[in-house]
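Take a look at the letters that make up each chain.
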Amino acid sequence: MASYRHRMVEAVLKDFPDINGDYQRYKQFLDLSALAGGVLLSERVDRYSDETFRALETIVNAVYEAFKGLNERQRRVVALMYWRRLDAEAISGEIKFSVRRVYQLRNEALNLLYRPFLEVQELVEEWRLGRVK
């Protein structure tokens with residue numbers, strides 16, 4: 001049975017592609033709005049002071065930074081399991097580890113990601129509730 005810590009981290013990892021998509025779309029919207037309003041691209045910093053953009057950016061940066069802190073094997077397992085939605089058996093076949101080792105790497109990664117994700121958990125909850133979109 002998964003611990004609360006693991007479930008929380010897994011939820012963020014599963015939501016991340018959608019959060020990142022919202023971030024990219026919002027950034028594009030701000031860029032297009034600025035261009036339509038005649039703002040020069042060099043004035044980008046002022047456009048990005050928007051509260052919603054900052055919240056999405058904080059989440060995305062936290063996930064990427066934490067992800068970079070994992071070793072290569074852990075990153076690969078996390079990416080395959082949560083972003084490509086493969087099960088442990090499929091991952092095992094792809095990276096040539098036992099299923100047990102896949103689970104060990106996943107658990108190690110979830111433990112390492114807990115603290116960084118805890119720092120943005122409130123923003124992720126706001127995103128889930130539709131307040132940050």
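Structure shown above.
No experiment lies behind these values; they were computed from the predicted model shown. (Residues numbered from 1 in each chain as written. Predicted model: local features only at pLDDT ≥ 70, side-chain atom pairs only at ≥ 80, totals over all residues. Heavy atoms only, no water.)

Asks: Any chance you could explain the overall build of the protein chain here in plain terms?
Replies: Along the protein chain, the regular secondary structure elements total 6 helices and 0 strands. Taking all 133 residues of the protein chain together, 41% fall into the buried category. Expressed as a percentage of contacts within the protein chain between residues at least 6 apart in sequence, the contacts between residues at least 24 apart total 65%. Of the accessible surface of the protein chain, which amounts to about 8000 Å², a share of 50% is contributed by carbon and sulfur atoms. (Helix = DSSP H or I, 4+ residues; strand = E, 2+ residues; numbered from the N terminus. Buried < 20%, exposed > 50% of the residue type's maximum accessible area, 1.4 Å probe, protein only. Contact = heavy atoms within 4.5 Å. Areas by Shrake-Rupley, 256 points an atom, 1.4 Å probe, with all protein chains shown as cover.)

Asks: Help me understand the pattern of salt bridges, please; the structure alone is not making it clear to me.
Replies: Note on pairing: side chains with opposite charge can pair once their charged atoms come close. With the rule as written, the count across this model stands at 9 salt bridges. Its salt-bridge partner being Glu65, residue Lys68 comes within 3.0 Å of it at the nearest N-O pair. Placement of both Lys68 and Glu65 in helix H3 (residues 51–68) is noted, with a separation of 3 residues, approximately one turn of the helix. Across the salt bridge formed by Arg128 and Glu125, the nearest N and O atoms sit 2.5 Å from each other. Here Glu125 and Arg128 lie together in helix H6 (residues 99–128), a separation of 3 residues that amounts to about one turn. The partly exposed category is assigned to Glu125, whose relative accessible area is 32%. (Salt bridge = Lys/Arg side-chain N within 4 Å of Asp/Glu carboxyl O.)

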